[in-house]
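Residues per chain, in single letters:
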Amino acid sequence: MGQQAKRDPRMRSARAEKLTHERQQELAAARRRADATKAGFVAAVAVLFVGGMSLARNAYAGHAKAPVVPLAAPGRYEQIVKKNLLQAGVVAPAQAPPGAASAPS
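Residues numbered from 1 in each chain as written. Predicted model: local features only at pLDDT ≥ 70, side-chain atom pairs only at ≥ 80, totals over all residues. Heavy atoms only, no water.

(A) Representation of the overall build of the chain in the model. Broken down by element type, the chain carries three helices and zero strands. Of the regular secondary structure in the chain, the N- to C-terminal order runs α-α-α. Out of the 105 residues in the chain, the part that is buried amounts to 0%. Taken as a whole, the chain presents about 10200 Å² of accessible surface, with 64% of it coming from carbon and sulfur. (Helix = DSSP H or I, 4+ residues; strand = E, 2+ residues; numbered from the N terminus. Buried < 20%, exposed > 50% of the residue type's maximum accessible area, 1.4 Å probe, protein only. Areas by Shrake-Rupley, 256 points an atom, 1.4 Å probe, with all protein chains shown as cover.)

Below, the structure written as structure tokens:
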């Protein structure tokens, strides 16, 4: 019976169909696993990229960590200086002497 089954084309085609169907199922499952792995890898890379960006923004000197503040004396200090100048009788800041000029010809 073993020899006869090997030679019978009907038995061979049924076995081949069964193998190809099983193989197709295996390939479909492998493709699903590969797609899931790819999606997971892309998600992990995106998370790492965003994390690196936030670390760079907060850690390195080239990136602004806080809003820019103008360089000026504090308001309280300016008030005290103006008050002291007014008490001393100084109304306006001192002016520089006139620059050197040549005589008109």
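(B) Inspection of helix α3 (residues 75-87) at higher detail. Over its 13 residues, α3 extends 19 Å from the first C-alpha to the last, a length consistent with the 18 Å expected when each residue adds 1.5 Å. Little of α3 is tucked away, with zero of its 13 residues classed as buried. Within two residues after α3, Gly89 carries a phi angle of roughly 95 degrees, on the positive side. (Expected span 1.5 Å × (residues − 1).)

(C) Quick look at the pattern of salt bridges. For the structure shown, the criterion picks out one salt bridge. Residue Arg23 pairs with Glu26 through a salt bridge whose shortest N-O separation is 3.4 Å. Linking Arg23 with Glu26, this pair stays in helix α2 (residues 9-59), spanning three residues, or about one helical turn. Judged by its relative accessible area of 48%, Glu26 falls in the partly exposed class. (Salt bridge = Lys/Arg side-chain N within 4 Å of Asp/Glu carboxyl O.)

(D) Region of interest: a nonpolar patch on the surface. A cluster of nonpolar side chains, contributed by Phe41, Val42 and Val45, occupies part of the molecular surface with about 310 Å² of accessible area. Using a relative accessible area of 59% as the deciding quantity, one classes Phe41 as exposed. (Patch = residues over 30% accessible without salt bridge, like charges linked within 9 Å, V, L, I, M, F, W, Y side chains within 5 Å.)

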